[in-house]
Amino acid sequence: LITRQAQTQGGAADLRKDKKNGEEVSQAPRALNPMAGTAKKKAANRLYRVGRSKIGLGLFAAIPIVRNKLIVEYSGRRIPTREAREIDRRRGNKYLFEIDNRWTIDGATRTNMARYVNHSCDPNAEAESNRGRLMYRAIRDIAEGEEITVDYGEEHMVLYFGKGCLCPSCRPRQ
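Overview of the structure. Residue indices follow the written sequence of each chain, beginning from 1 at its first position. In keeping with the predicted nature of the model, local features appear solely for residues at pLDDT of at least 70, side-chain atom pairs appear and are counted solely at 80 or more, and the whole-chain, interface and lining totals rest on all residues. Values reported for side chains reflect all heavy atoms of the structure, with hydrogen atoms and water molecules removed beforehand.

## Brief notes about the sheet that holds strand β6 (residues 70–74)
In plain terms, the rule: When DSSP finds at least two bridges between two strands, those strands are taken to pair. A run of DSSP states H or I qualifies as a helix once it reaches four residues; a run of E qualifies as a strand once it reaches two. Both are numbered from the N-terminal end. Between the N-to-C directions of two axes lies an angle of 0 to 180 degrees, each axis being a line fitted to C-alpha atoms and, for a helix, fitted only over the stretch in contact.
Overall, antiparallel pairing links the three strands, which are arranged β6-β12-β11 in an open sheet. Of all the strands in the sheet, just β6 and β11 (125–130) have a single pairing partner and so form its edges. Averaged over all neighbouring strand pairs, the angle between strand axes comes to 30 degrees, with direction disregarded. As paired strands, β6 and strand β12 (residues 133–138) are joined by four bridges and run antiparallel to one another. Counted as the bridge partner of V72 is Y136 from β12.

What follows is the structure in structure tokens.
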């Protein structure tokens, strides 16, 4: 395609000449395209962003989040808990969230943004189950830029944190 500017009644427009048949096709300039920049608009509506945490990657508030607001869904394949225990033996409980004795969510998929929520003994969010869906809800106001954290629970701490808790609220005590 060959492009050149042309004046029309409504203002400037791109005229594109199709090499195959020589016809000129009018197309609105990129700045007038109503879909231009939609990716930025979607990102601006997000409550969270993934960023560098003191213990790896973490989920951070992109805007202030008020108490009781649902933040993110823990998503993934629902698998029988028996199968999850096998996976746990192989990969060490990476992203497995047990709903009950029958079902576990395998949140290892990269589209599961909730997998970046880290542990804290002084959390600002908690997990809640609603009709088989797992959501994280703010238990206090969360400031913009603050890391979103939950308490993984005593059982998880004993099984997987052999060196003790490394969260920022525990680190000063060590």
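## Focus on the pattern of salt bridges
Heads up, the condition is: Whenever a carboxyl oxygen of Asp or Glu lies within 4 Å of a side-chain nitrogen of Lys or Arg, that contact is scored as a salt bridge. Each residue is placed in one exposure class: buried if its accessible area under a 1.4 Å probe, protein chains only, is under 20% of its type's maximum, exposed if it is over 50%, and partly exposed if it falls in between.
For the coordinates displayed, the defined rule picks out six salt bridges. Of the charged contacts, one joins E86 and R89 as a salt bridge, the two residues approaching to 2.7 Å between their closest N and O atoms. Of this pair, E86 and R89 both sit in helix α2 (residues 81–91), three residues apart, which is roughly one turn of the helix. The class for R89 is exposed, based on a relative accessible area of 63%. Between E146 and R140 there is a salt bridge, with its nearest N and O atoms 2.6 Å apart. For R140, a relative accessible area of 31% translates into the label partly exposed. Three or more residues joined by partner-sharing salt bridges are found here, namely R77, E83 and D106.

## Looking at the pairing of β11
Here six bridges tie β11 to β12, and the two strands are oriented antiparallel to one another. Note on β12: the bridge partner recorded for E126 is R137. What sits between β11 and β12 in their antiparallel hairpin is a turn of two residues, with R131 showing a positive phi close to 55 degrees.

## Notes on the sheet that holds strand β9 (residues 103–106)
By definition, the strands of a sheet pair up through backbone hydrogen bonds, in either a parallel or an antiparallel sense. Spelled out, the test is: Residues count as neighbours in contact if any of their non-hydrogen atoms are within 4.5 Å of one another.
Read from one edge to the other, the open sheet built from three strands follows the order β7-β9-β8, with strand pairing classed as antiparallel. Either end of the sheet is taken by a strand with one partner, and the two such strands are β7 (77–80) and β8 (96–98). Between one strand and the next, the sheet's axes are offset by a mean angle of 30 degrees, whatever the strand orientation. Sheet topology note: the β8/β9 ladder contains three bridges and is antiparallel. Residue pairing in the sheet places L96 in a bridge with D106 of β9. In the packing of α2 onto the sheet, contacts are made with β7, β8 and β9, and the angle to β7 comes to roughly 100 degrees.

Read these as geometric descriptors, not functional statements.
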